[in-house]
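Spelled out, the chains give:
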Amino acid sequence: MATPARARWIAVVAVFGALWGAAEITLGALLRSAGVPLRGTLMTGVGVVVMLVGRRTLGRPADARGSSLAIGLVTAAILPLSVSRGFVAAMTSVVGEALCVEAVLWVGRPAGGRFAVAGLCAGLVPVVRRVVTLVTLYGPAALGVLRDKTLTQQGGAALGLAGLTAGGLLAVVTVVSAAVGLVCGYAAWRLAETIRVRLGRAAV
Amino acid sequence: METRRDNPGPTRARGGIALALGGGITALAAAMLLDWPAIIGPVVASLLLLGLLNRRQLAVFASPWLWLGLAVVLVVPVWLFGASRAGAAENAAYGPAALRVGVTMALRVVTTLAAMLLITGCVAPARVATLIGRLAGREVGLACGIGINLLPAMLETVRRTTLALRLRGGWRRKRLANLRRLVTAIGVQTVRMTEDVAEALLLAQAGVRHEEDDGDSREDSGERKPT
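One structure accompanies this document, and this report is about it. (Residues numbered from 1 in each chain as written. Chains lettered and ligands numbered in written order. Predicted model: local features only at pLDDT ≥ 70, side-chain atom pairs only at ≥ 80, totals over all residues. Heavy atoms only, no water.)

## Overview of the overall build of chain A
Part 1: Regarding its fold elements, chain A presents 8 helices and 0 strands.
Part 2: Along chain A, helices and strands appear, N-terminal first, in the series α-α-α-α-α-α-α-α.
Part 3: Looking at chain A as a whole, 48% of its 204 residues qualify as buried.
Part 4: In chain A, once contacts between residues fewer than 6 apart in sequence are set aside, the share between residues at least 24 apart is 67%.
Part 5: For chain A, the accessible area works out to roughly 8,400 Å², and carbon and sulfur atoms hold 70% of it. (Helix = DSSP H or I, 4+ residues; strand = E, 2+ residues; numbered from the N terminus. Buried < 20%, exposed > 50% of the residue type's maximum accessible area, 1.4 Å probe, protein only. Contact = heavy atoms within 4.5 Å. Areas by Shrake-Rupley, 256 points an atom, 1.4 Å probe, with all protein chains shown as cover.)

## Some points on the overall build of chain B
Part 1: Broken down by element type, chain B carries 9 helices and 0 strands.
Part 2: Counting from the amino terminus, helix and strand elements in chain B follow one another as α-α-α-α-α-α-α-α-α.
Part 3: Looking at chain B as a whole, 42% of its 227 residues are labelled buried.
Part 4: Entry remark: accessible area of chain B is about 13,000 Å², with carbon and sulfur atoms responsible for 62%.

## As for empty space enclosed by the protein
Unoccupied space between atoms shows up once a probe the size of one water molecule is rolled over them.
All names here are of chain A.
Part 1: Per the stated rule, a full pass over the model turns up 1 cavity of 30 Å³ or more.
Part 2: Taken as a whole, the largest cavity spans an internal volume of roughly 70 Å³.
Part 3: R55, G59, P61, A64, L105, G108, R109, P110 and F115 together form the lining of the largest cavity.
Part 4: Across the lining of the largest cavity, the residue classes break down as 5 nonpolar, 2 polar and 2 charged. (1 Å grid on protein atoms, 1.4 Å probe; cavity = no way out; pocket = protein on both sides within 12 Å on 5 of 7 lines; lining within 4 Å. Points joined across faces, edges and corners; volume = space filled by probe spheres on them. Nonpolar A, V, L, I, M, F, W, Y, C, P; charged D, E, K, R; others polar.)

## Focus on the packing of aromatic side chains
Residue and element names in this part refer to chain A.
Part 1: Scanning all chains against the criterion turns up 1 aromatic pair over all chains.
Part 2: Seen in terms of ring centroids, F115 and W189 are 5.1 Å apart; in terms of plane orientation they differ by 80°. Their pairing is edge-to-face. Taken together, the residues span a long stretch of sequence, with F115 in helix α6 (residues 112–138) and W189 in helix α8 (residues 166–199) at a distance of 74 residues. In this pair, the class of F115 matches that of W189, namely buried.
Part 3: Over the face of the ring belonging to W9 we find R6, whose NZ or CZ atom lies 4.6 Å from the ring centre.
Part 4: Looking at R65, its charged tip hangs above the ring of W106, at a distance of 5.3 Å from the centre. (Phe/Tyr/Trp six-rings, centres within 6.5 Å; stacked < 30°, edge-to-face > 60°. Lys NZ or Arg CZ within 6 Å of the ring centre and 35° of its normal.)

## Looking at the packing of helix α4 (residues 67–78) of chain A against helix α5 (residues 87–105) of chain A
All names here are of chain A.
Part 1: Where α4 meets α5, the closest approach of the two axes is 7 Å, and the angle between their N-to-C directions is 170°. Looking at the two axes, α4 sits roughly antiparallel to α5. Note on element contacts: α5 touches α4 through M91, V94, V95, A98, L99, V101 and E102, opposite S67, S68, L69, G72, L73, T75 and A76.
Part 2: Considering only residue class, the contact of α4 with α5 consists of 9 nonpolar, 4 polar and 1 charged. (Axes fitted to C-alpha atoms, helices over the stretch in contact; angles between N-to-C directions. Parallel < 35°, antiparallel > 145°, perpendicular 65-115°, else oblique.)

## Structural notes on the environment of G51 of chain B
Part 1: Looking at the element boundaries, G51 of chain B is found in helix α3 (residues 40–53).
Part 2: Separated by 67 residues in the primary sequence, G51 of chain B and L118 of chain B have C-alpha atoms spaced 9.8 Å apart.

## Section: the interface of chain B and chain A
Part 1: Taken together, the contacts link 45 residues of chain B with 42 residues of chain A.
Part 2: Taken together, the two surfaces of chain B and chain A that pack against each other cover about 3,700 Å², and 77% of this comes from carbon and sulfur.
Part 3: Broken down residue by residue, the surface that chain B buries against chain A is led by M32, E139 and T194 of chain B, which jointly contribute 15%.
Part 4: The residue E139 of chain B makes a salt bridge to R6 of chain A at a minimum N-O spacing of 2.5 Å.
Part 5: At the boundary of chain B with chain A, the tally comes to 1 residue pair in polar contact (both at pLDDT 80 or more).
Part 6: When residues of the side of chain B that touches chain A are traced back to their parent elements, those giving at least two are α2 (14–33), α5 (64–81), α6 (96–122), α7 (125–136), α8 (138–167) and α9 (175–220) of chain B.
Part 7: Take the side of chain B that touches chain A: its biggest share by element is 16 residues, from α9 of chain B.
Part 8: In terms of residue class, the side of chain B that touches chain A is made up of 31 nonpolar, 8 polar and 6 charged. (Buried area = accessible area lost by both parts, 1.4 Å probe. Salt bridge = Lys/Arg side-chain N within 4 Å of Asp/Glu carboxyl O. Polar contact = N/O pair within 3.5 Å; in protein donor to acceptor, adjacent residues only side chain to side chain.)

## A closer look at a positive patch on the surface
Part 1: Together, R190 of chain A together with R172, R173, K174, R180 and R181 of chain B give the surface a local cluster of positive charge.
Part 2: Structurally, R190 of chain A can be placed in helix α8. (Patch = residues over 30% accessible without salt bridge, like charges linked within 9 Å, V, L, I, M, F, W, Y side chains within 5 Å. Lys, Arg positive; Asp, Glu negative; His and termini not counted. Charge placed at Lys NZ, Arg CZ, Asp CG, Glu CD.)

## Things to note about the side chain of T111 of chain B
Part 1: Looking at where T111 of chain B falls in the secondary structure, it is placed in helix α6.
Part 2: Those residues within four positions of T111 of chain B in sequence are excluded, and the remaining contacts are A27, A31, I39, P42, V43 and S46 of chain B.

## Regarding the environment of F87 of chain A
All names here are of chain A.
Part 1: Locating F87 in the fold gives a position in helix α5.
Part 2: F87 sits 63 residues away from E24 along the chain, and the two C-alpha atoms are 9.5 Å apart.
Part 3: Apart from the residues within four sequence positions on either side, F87 is in contact with L79 and P80.

## Side note on a nonpolar patch on the surface
Part 1: A surface patch of nonpolar side chains, about 370 Å² in accessible area, is lined by W36, I40, V44 and L48 of chain B.
Part 2: The class for V44 of chain B is partly exposed, based on a relative accessible area of 43%.

## Comments concerning α3 of chain B
Part 1: Compared with the 20 Å implied by 1.5 Å per residue over 14 residues, the 20 Å span of α3 of chain B between its first and last C-alpha is a close match.
Part 2: Here α3 of chain B has its buried residues at P42, V43, S46, L49, L50 and G51 of chain B. (Expected span 1.5 Å × (residues − 1).)

## Some points on the nonpolar core
Part 1: Counting 87 residues, the largest nonpolar core has V53 of chain A together with F61 and I146 of chain B as its most contacted members.
Part 2: Contacts of F61 of chain B, omitting those with residues within four sequence positions, involve L47, L50, L66, W67, V110, L113, A114 and L117 of chain B. (Core = buried A, V, L, I, M, F, W, Y, C linked by side-chain atoms within 4.5 Å.)

## Brief notes about the pattern of salt bridges
Working definition: two side chains of opposite charge can pair if their charged atoms are close together.
Part 1: Counted under the stated rule, the structure contains 7 salt bridges over all chains.
Part 2: Across the pair E156 of chain B and R159 of chain B runs a salt bridge whose closest N-O atoms are separated by 2.9 Å. With E156 of chain B and R159 of chain B both in helix α8 and 3 residues apart, the pair spans about one turn of that helix.
Part 3: On the basis of relative accessible area, R159 of chain B is assigned to the partly exposed category, the value being 45%.
Part 4: Members of the salt-bridge network, linked through shared partners, are R56, E193 and R196 of chain A.

If you want it as structure tokens, here you go:
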């Protein structure tokens, strides 16, 4: 660490990583304990907002490079302190989401649309991780298991999705997750702008 | 800086660090493995240890909102709707048995929170930085160390902001607009905190350089370093 820009990068990664970690180990654990439906999607939305606001706080793309992935790594380091038992799965999702956001925003100038796309990709990560895990564990029976788990453990039955087939259920969860990611990505862009104005900083 | 004022800081003594880390990790493991009534042991032990090593952090457990929150989110729903709703057992438990499951879950949260405060209070950023730095790079390692230390300050910031919003008539009307205000306020506080941390990092670096320069000039002039 040598320049003020690098010090700022480290500070943003540490503070925003701590914010996301704090949200995961308090709000995330409570949502999980209370059995709230689509809690993974909700927490992904929180993570997307934190990562992208942190990234935009750093200003120029060259200064912000690598920050989203690093924020995810800091959050993953905090997750073992969680009340929740499934922190290994949460760590995988957090790092995956951070990788997606970093990959989408690695090159080019930041913009609202790009932030929304990054959010969309990050939103799909928990669904993909879940499907890959179940296929690895259960093989051909994975879709059936996914349906059972989504309806019981994920609160799908409480949302009135019990009549859907496994494929339909997967499609609904995928679309909802992507939509939440997309909205959160764009909301992060707007939120960062509001914060910049509130703090009286010049636009980058 | 708010971080310095709110975070009681690491437990300094070497024996204290070993005790806090050992106690914290043991309490975390016990919270995951034990059930009612054995869970009461780790709860009492972790709170006693926290009081012994860092009494100021016990204030978290003095808040009635924590206990009310645990009761509303964990104990009452499990008691009313049965234990299987929380995934606690295949065959659902109802009535007093479900209440026991709910109370056990709440005590597990309390133990984990105490363990978290014990561990974050004694984690030295430099050590975490060295460990993670080997895997993911020095700067990410340093950020991890700082991030873990910032957790109590971050939770306090969120709590204060929520309280300020509630005192201004918060959640009674215009909930969506107030939620947006809350998120913005937390965002502003977080960005301010990053500026404080960045400043502290630069100052720490300048301090290290100054000490090194001081040592070099003493060696050049033939002066012995103080031991």
